[in-house]
Amino acid sequence: MAPRTLFDKIWDSHVVETLPDKTAILYIDRHLVHEVTSPQAFEGLRLSGRRLRHPDATIAVVDHNVPTSDRTQPIEEAESRNQIETLERNVKEFGVPYFPLLSARQGIVHVVGPEQGISLPGMTIVCGDSHTSTHGAMGALAFGIGTSEVEHVMATQTILQKPAKNMKVVVEGQVGPGVTAKDIMLAIIGHIGTAGGTGHVIEFAGSAIRELDMAGRMTICNMSIEAGARAGLVAPDETTFEYVRGRPFAPKGEAFDAAVAYWKTLAADEGAHYDRVVELRAEDITPVLTWGTSPETVIPVTGTVPDPAAEADPGKRAQMQRMLDYMGLEAGQKIAGTPVDVVFIGSCTNSRIEDLRAAAAVAAGRKVAEGVRAMIVPGSGIVKAQAEEEGLDKVFLEAGFEWREAGCSMCLGMNPDRLTPGQRCASTSNRNFEGRQGPGGRTHLLSPAMAAAAAVTGCLTDVRELI
Amino acid sequence: MDKFTVLSAVAAPLPEENIDTDKIIPARFLKTTKRTGLGVHAFDSMRYRADGSENPDFVLNQEPYRKAEILITYDNLGCGSSREHAPWALLDFGIRCVIAPSFADIFHNNCFKNGILPIVLPHDVCTQLMEDARMGGNARLTIDLPRQVVVRPDGTEVPFAVDPLRKKLLLEGLDDIGQTLQHEKEITSFEERRAKAQPWIPRIVLD
């Protein structure tokens, strides 16, 4: 057999059958369900009298719509409340395991899956959400799907797909101080663009990736979708196995050993073919952030806002100008020193305990700048509890941050946490589209450490000045 | 999904080009948790006046077209967003067949996925069929999918083309799920093979 990539191996081991037009019926190991993209799928099952084939391979949570403030009060927004109540009726009717709003295990679906040992290496994992790519950090093939496909997976435990192309992004070397997984990924997206991974599954490799902990790898794979890729992957290794060991739904004892033996076979074979390879040097990556309304508008925090006049293509020039106008920035201005109104530390990209530790290290002994609203939104109830055990909540509260309940929060303005028009936000989330965090809101994507630096200085700041 | 074989029904003429998915179902109705129930909002901006009352000039507010199951339009029907809510709204209204000189790609696919037959016929043929439709309640069109013909009220037949696999799925009432479930034996034997090879894969069961 020809040498195969990690993606090839996971793909091959899940093909139930290949149809005449090369479409595969691909078996799905894990289906993650949330309140926004599932109601029509459940209804479809009901209308057609179909059952959910494997409730025991499915897990449901509420995350997109939920308020991150006091949970003892009823949810105010009627449509959000209805979507949540609908999910609760559906999981009951179809027997789907579910972490309800008041459960300690509730949280953002892409934080909960790995944390609970539900997402495991070598698996195929889907969810009606584009950031399902996060779970690729486990060495699993994980991607977002639409509502019809959600129903298809519910009914058949498979999905119809044509194989993707293989791409490898290699980051060799050692990053400097203050440079995190978020900076690495933003640098990659800035380098290859938001369509750089289109049609491909990206495997992230190289010593700088290997050195990352699981939270860092999840940040990287999470934003594969912002690079246009169908999914992102990191080959499972000792870091992965140690992370999985002892998780609530992970295999235990001999079963764990057998699993690890299998997972060790997944790494790409020597000489495996990649359709595209991109290489970056870790030493070249500095703390970065975005200046515009596309995740590819990445500049070093020491840099200046680019000048549209320097862009030859008139279409791109106009687009850049539109971004500058929307963001309220001037061409050529230094990005550092730009005042912020809100700091959001959270989202499926950066809300894990490691992210909160990094933010707390910067916040400790400092105060949130006057006039700045700074929010910490843990990715799950478990993350929140862990942080409180470590005393991080006190660090944040003493510094003047809000310490909130788990959920998607201000990443997508679908719940009460929203920017108001014109507000500028230093955000650890994944998308800076117009209106993404609330109509008229201005988003700068950056790492948790950089976000904390912005909170305590009141402006976009090079975190290296504070560490 | 309901089977589509021979449909004999009232057809509504809607002689416009570029009827986009926002016209078929406006974005503000996408917050629903249901696939059904969108029919009342289908063509909302054309169908209702600002005060919410029916616009009597709109064809689907007129008899016999309130019961139309066939819709005839001009070019590029269903352009715009990929929202599956568009065919959901049509189906919920009662439309099972749309006829136009051309369709937007995604909408065309989404129709098949939801048991609606989209038929491509030349512009002048669409005009003739609209004339037939204007004859009112007795002027039913018959869509004979097995024979791939539209039968006009005077008995003349207009042949149309359809992808053989799509035709099969419609005739048997199979959506993608139905089609995949025809391979259920293979899925089951895949599961059995895997359970043997990787018995350590955990089931998700809550205490």
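Residues numbered from 1 in each chain as written. Chains lettered and ligands numbered in written order. Predicted model: local features only at pLDDT ≥ 70, side-chain atom pairs only at ≥ 80, totals over all residues. Heavy atoms only, no water.

Q: How do you make sense of the interface of chain B and chain A when you look at a structure like this?
A: Put simply, an interface is often sized by how much accessible area is lost when its parts join up. On the chain A side, the residues contacting the 32 residues of chain B number 53 residues. Summing the contributions of chain B and of chain A, the shared interface buries around 3500 Å²; its carbon and sulfur component is 57%. On the chain B side of the contact with chain A, Thr33(B), Trp200(B) and Ile204(B) bury the most area, a combined 24% of that side's loss. For the pair chain B and chain A, the number of links is 7 salt bridges. (Contact = heavy atoms within 4.5 Å. Buried area = accessible area lost by both parts, 1.4 Å probe. Salt bridge = Lys/Arg side-chain N within 4 Å of Asp/Glu carboxyl O.)

Q: Quick question: what am I supposed to make of the packing of helix H12 (residues 353-363) of chain A against helix H14 (residues 392-399) of chain A here?
A: Helix packing for two helices is described by the angle between their axes and how far apart those axes are. Residue and element names in this part refer to chain A. One can describe the packing of H12 onto H14 by two numbers: an axis separation of 10 Å at closest approach and a directional angle of 45 degrees. As summarised for this structure, H12 and H14 are arranged oblique, according to the angle between their axes. Considering how the two elements wind past one another, H12 and H14 form a crossing that is left-handed. Facing Ile-353, Leu-356, Arg-357, Ala-359, Ala-360 and Ala-363 of H12, the residues of H14 in contact are Leu-392, Val-395, Phe-396 and Ala-399. (Axes fitted to C-alpha atoms, helices over the stretch in contact; angles between N-to-C directions. Helix = DSSP H or I, 4+ residues; strand = E, 2+ residues; numbered from the N terminus. Parallel < 35°, antiparallel > 145°, perpendicular 65-115°, else oblique. Left-handed = near helix turned anticlockwise from the far one by under 90°.)

Q: Before we go on, may I ask you to explain the layout of surface pockets in this structure?
A: Empty space left among the atoms is revealed by rolling a probe the size of a water molecule over them. Space inside the largest pocket adds up to approximately 1500 Å³. Of all the secondary structure elements, the ones that give two or more residues to the lining of the largest pocket are helix H2 (39-48), helix H5 (147-156) and strand S8 (158-161) of chain A together with helix H3 (85-93), helix H4 (105-113), helix H6 (164-172) and helix H7 (176-181) of chain B. Counting residues per element, the lining of the largest pocket draws most heavily on H5(A), which supplies 5 residues. Along the lines of polarity and charge, the residues of the lining of the largest pocket split into 12 nonpolar, 16 polar and 15 charged. By volume, the second largest pocket is sized at about 1000 Å³. As for the second largest pocket, its lining consists of 41 residues, and the residues nearest its centre are Val36(A), Thr37(A), His64(A), Leu412(A) and Met414(A). Counting residues per element, the ones that place at least two in the lining of the second largest pocket are helix H3 (78-94) and H5 of chain A together with H3 of chain B. No other element matches H3(A), which puts 3 residues into the lining of the second largest pocket. No fewer than three residues from each of domain 1 (6-161) and domain 3 (332-465) of chain A sit in the lining of the second largest pocket. (1 Å grid on protein atoms, 1.4 Å probe; cavity = no way out; pocket = protein on both sides within 12 Å on 5 of 7 lines; lining within 4 Å. Points joined across faces, edges and corners; volume = space filled by probe spheres on them. Nonpolar A, V, L, I, M, F, W, Y, C, P; charged D, E, K, R; others polar. Domains from an automatic or database assignment.)

Q: Any chance you could explain the pattern of salt bridges here in plain terms?
A: Where charged atoms of side chains with opposite charge meet at close range, the side chains can pair. Residues and elements named next belong to chain A. Considering all chains together, one arrives at 32 salt bridges over all chains under this definition. Across the salt bridge formed by Glu-242 and Arg-245, the nearest N and O atoms sit 3.0 Å from each other. For Arg-245, a relative accessible area of 48% corresponds to the partly exposed category. The salt bridge partner of Arg-281 is Glu-283, with a shortest N-O separation of 3.0 Å. Through salt bridges with shared partners, a single ionic network connects Arg-373, Glu-402, Arg-404 and Asp-417. (Buried < 20%, exposed > 50% of the residue type's maximum accessible area, 1.4 Å probe, protein only.)

Q: Sorry, what's going on with the pairing of strand S18 (residues 424-427) of chain A here?
A: Consecutive side chains along a regular strand alternate between the two faces of the sheet. Residues and elements named next belong to chain A. Going residue by residue along S18, you find Arg-424 and Ala-426 tucked away on one face and Cys-425 and Ser-427 tucked away on the opposite face as well. With 3 bridges joining them, strand S15 (residues 342-345) and S18 adopt parallel strand pairing. Looking at S18, one finds that Val-342 is bridged to Cys-425. Pairing of S18 with strand S19 (residues 442-445), which is carried by 4 bridges, proceeds in the parallel orientation. Looking at S19, one finds that Arg-424 is bridged to Arg-442. (Pairing = 2+ DSSP bridges.)

Q: What's the story with the domain arrangement of chain A in this structure? I'm lost.
A: All names here are of chain A. Considered domain by domain, chain A is made up of domain 1 (6-161), domain 2 (165-284) and domain 3 (332-465). Inter-centroid distance (C-alpha atoms) of domain 1 to domain 2 is 22 Å. Taken together, the contacts link 29 residues of domain 1 with 33 residues of domain 2. Between domain 1 and domain 2, the buried area comes to about 2600 Å², and carbon and sulfur atoms account for 63% of it.

Q: Would you mind showing me how to read the sheet that holds strand S2 (residues 11-14) of chain B here?
A: All names here are of chain B. Read across the open sheet, the 4 strands follow the order S2-S3-S4-S5; overall the sheet is parallel. A strand with exactly one partner marks an edge of an open sheet, and here the two such strands are S2 and strand S5 (117-120). Taking each pair of neighbouring strands and ignoring which way they run, the sheet shows an average axis angle of 20 degrees. By the bridge criterion, 4 bridges tie S2 to strand S3 (residues 70-73) in an arrangement that is parallel. The residue bridging Ala-11 from the neighbouring strand is Ile-70, located in S3.

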